[in-house]
Structures are given as C-alpha cells and as structure tokens.
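Chains, contacts and geometry: an overview
Okay, here's what each chain looks like letter by letter:
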Amino acid sequence: MNDQTENDIVPLELPKLELPPIAKERKSNDDFMVDLIKAANDVNKAIILISGVVAQKNIDTERQDVLRGHLVRLYKLYDSYVFLIVERRTEIAFIILRTLAETVINLRYLLKHIDTDVHKKYKRASLAYEKKLEESILNNILNRKNELPIEKRMLKSIANTFSRSGFDNLEREELRKTQWGIEKQHLDISGKAKDVGLYSIYENMFTTSSHFVHGSWHELDFHHLEQEKDIRGTRPPQMRYTTPKPQLLEAVSIFTLETLQQYLSVIVEDGNQTDEIKVYLDKISKWFFDMSHKHEEYLANKND
C-alpha cells in the first residue's frame, strides 16, 4: 500500500557526476575530446533530469507542453550531436548543431516571454503549413470532383492535428504567419536570438552550420575536396570525414546548461531541492568553462 500523500516531498537523487580532473595532463586534441565526451554524458543526464521536473509555478498545461517538448527535443539533438562527434562525423554533426542552436534560441525566447501568449503563436505558426496542405488537397478534390482514399486520410490527420493543438480552424490570413513572436512581432531566428541575448550563438553556430545544411561551396572546398589538385588540374574527392575538435563540444555544452538553468528558474520556486539542482548544473558548467580555458592554454603553448 502506498502511504505517500501529495504533500510528501520525494527525496531528490541527482545522478553522480564523474567529471575528469581539469589538471590532468593532455598532450593532444584527442586527449581533450575523450574527457569532453565523458562530461557530455553528464550533460545528457542533466537534460533528462530537468525534463522530468514538475512545474510548481502557475503555468498552464499548454505552456508546459510547449516548453517540455523543446527540452526533450534538445536532449535528442544534443545526444545525437555527441554521438556523431564520437563517430568523427564532423560534417553531419554541424547539421545537427544548427538545429540544436535554433532549438535553444526558441526555448530561451519562450521562457523569457512565458507570461504572454507567444506559445500559442508558436503553435499556430507550425499549423500554417498544415492549413496550406489542407487547402491544396481540397482544391485537388474540387478540380477532380472526387476524393482519393489517401486524401481522406490526410484530411482526417490534419483535422486531428488542429484539434489536438487547440486550433480547430485556421483562417486564411494565418497562412502567412510562419514566423512568430510576442505581440505583433513576426521574428525569424536571428530576431529571437537578439531578443534573448544569444546573437553570438546565432552567428557562430547557427549561421556557420548553415554551410553544412545547404552544401555551400565553402563546405565543399574545406571538407569534400582535396586541397591539392591532381595531374589533370582537378581536385580529387576527399571521402574521409573531418576530425572533430574540442571546441565543438565546449561552447554548445555550456549554453545548453545555461538553458537548463533558465528553464528551471521559470517553472519551479526557489527552495532546497531547486538550489541543489542549480549547484549540480553549475558544477558541470564550471567544468566546461575550465576545460575550455585549459584547451586554449594547450593551443597557445603548442603554437609557441
């Protein structure tokens, strides 16, 4: 029989931290990467931990679902990103990094404006694509004068999506609102990054990673073609993946942990357990900051 009441406090059991010592001697980038990947596992555990925290503040379930969905998405992206780094698939990891950066910026924007209806605008913006698809299917049926079974299933699926999201209908003017923001703002990702003070993240991670998403000449030049030309004057294919560098794990881990701190501050009241989690996150963040400085020292000494 379970004698626990809703007023009982369940003891918090934080995952054990196994952060490698900062002072350890490291003679190569690979030595740094090994320890950074170990610490990245603690970041993964931290995201899982925070995603399971129950909101204590007066936040309605719709807002909670939008915030928690972003946090779970962040976990899956970060976990996949680290996996690709481990597999030395740098070019593909950059594709994930762009999406990861966008997720963090969107989540930070939603957290900053938690007291507005911006979460509804976020949901409505994604449903605009569904509405456009619905109208395209209906036009095809009208022109053909009959409905195909696949069209019937698609229309039912779209209707269920609207209903589950709390929007049983979207007016035609909503089709243009694929960008979203507070009040009358229709912001792209750069606008949201400026709003939450993450424009440097946008420039250094999101924009840089766009080369890998779109396959620009910059990416082909540096990662898919040999630098030296062959006897025919053409550049041979470079089939090997680029070796990842420690910087790829340092910054992204730090701003992921900062996002967890902000998420926690928004959904729960300050208290002993909250303070304990914050200290836990601070320890991991400090480790990544110290490791970043240690790596910079290594690079400086290497280049002397």
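As a reminder, the structure under discussion sits directly above these lines.
Residues numbered from 1 in each chain as written. Predicted model: local features only at pLDDT ≥ 70, side-chain atom pairs only at ≥ 80, totals over all residues. Heavy atoms only, no water.

Thoughts on the overall build of the protein
Within the protein, the secondary structure is distributed over 10 helices and zero strands. Overall, the protein shows an N-to-C arrangement of helices and strands of α-α-α-α-α-α-α-α-α-α. Along the longest, intermediate and shortest principal axes, the C-alpha atoms of the protein span 75 × 75 × 40 Å. In the protein, of all internal contacts separated by at least 6 residues, the share reaching a separation of at least 24 is 75%. A total of about 17800 Å² of accessible surface is found on the protein, and carbon and sulfur atoms cover 51% of it. (Helix = DSSP H or I, 4+ residues; strand = E, 2+ residues; numbered from the N terminus. Contact = heavy atoms within 4.5 Å. Areas by Shrake-Rupley, 256 points an atom, 1.4 Å probe, with all protein chains shown as cover.)

Digging into the layout of surface pockets
There is about 250 Å³ of room inside the second largest pocket. What lines the second largest pocket is a set of 15 residues, and nearest its centre among them are Phe94, Leu97, Lys245, Gln247 and Leu248. When contributions to the lining of the second largest pocket are tallied by element, the ones reaching two or more residues are helix H3 (90-112), helix H7 (199-214) and helix H9 (247-267). With four residues, the top contributor of residues to the lining of the second largest pocket is H9. Each residue belonging to the lining of the second largest pocket can be placed in one class, and the counts come to eight nonpolar, six polar and one charged. (1 Å grid on protein atoms, 1.4 Å probe; cavity = no way out; pocket = protein on both sides within 12 Å on 5 of 7 lines; lining within 4 Å. Points joined across faces, edges and corners; volume = space filled by probe spheres on them. Nonpolar A, V, L, I, M, F, W, Y, C, P; charged D, E, K, R; others polar.)

Details of empty space enclosed by the protein
Inspection of the entire model under this criterion finds two cavities of 30 Å³ or more. Considering only enclosed or pocket space, the largest cavity measures out at about 50 Å³ in volume. Considering the residues around the largest cavity, the lining is formed by Arg63, Val66, Leu67, Leu110, His113, Ile114, Val118 and His119. For the lining of the largest cavity, the secondary structure elements donating two or more residues are helix H2 (61-86) and helix H4 (118-144). The greatest single-element share of the lining of the largest cavity, amounting to three residues, is contributed by H2. Of the residues belonging to the lining of the largest cavity, the class tally is five nonpolar, two polar and one charged. One number sums up the size of the second largest cavity: a volume of about 40 Å³. Within the residue set of the lining of the second largest cavity, elements represented by two or more residues are H2 and H9. No other element matches H2, which puts three residues into the lining of the second largest cavity. In the lining of the second largest cavity, the residues fall into six nonpolar, one polar and one charged.

Details of the nonpolar core
Ile50, Tyr81, Leu100, Ile267 and Phe288 are the most contacted members of the largest nonpolar core, which has 71 residues in total. Those elements that place two or more of their residues in this core are helix H1 (29-51), H2, H3, H4, helix H6 (189-195), H7, H9 and helix H10 (272-303). The element that contributes the greatest number of residues to this core is H3, accounting for 12 residues. By size, the runner-up hydrophobic cluster in this structure holds seven residues, among which are Leu127, Ile137, Ile141 and Leu155. (Core = buried A, V, L, I, M, F, W, Y, C linked by side-chain atoms within 4.5 Å. Buried < 20%, exposed > 50% of the residue type's maximum accessible area, 1.4 Å probe, protein only.)

Here's the deal with a nonpolar patch on the surface
Together, Ile92, Ile95, Val213 and Tyr241 line one region of the surface with nonpolar side chains, adding up to about 290 Å² of accessible area. Along the chain, the position of tyrosine 241 falls in the loop between helix H8 (217-224) and H9. Note on tyrosine 241: relative accessible area 38%, which makes it partly exposed. (Patch = residues over 30% accessible without salt bridge, like charges linked within 9 Å, V, L, I, M, F, W, Y side chains within 5 Å. Salt bridge = Lys/Arg side-chain N within 4 Å of Asp/Glu carboxyl O.)

Focus: the pattern of salt bridges
All chains considered together, the criterion is met by 14 salt bridges. The salt bridge involving aspartate 117 is made with lysine 121; its shortest N-O contact spans 3.9 Å. Given a relative accessible area of 14%, lysine 121 falls into the buried group. A single network of salt bridges, built from pairs that share partners, joins Lys24, Arg26 and Asp35.

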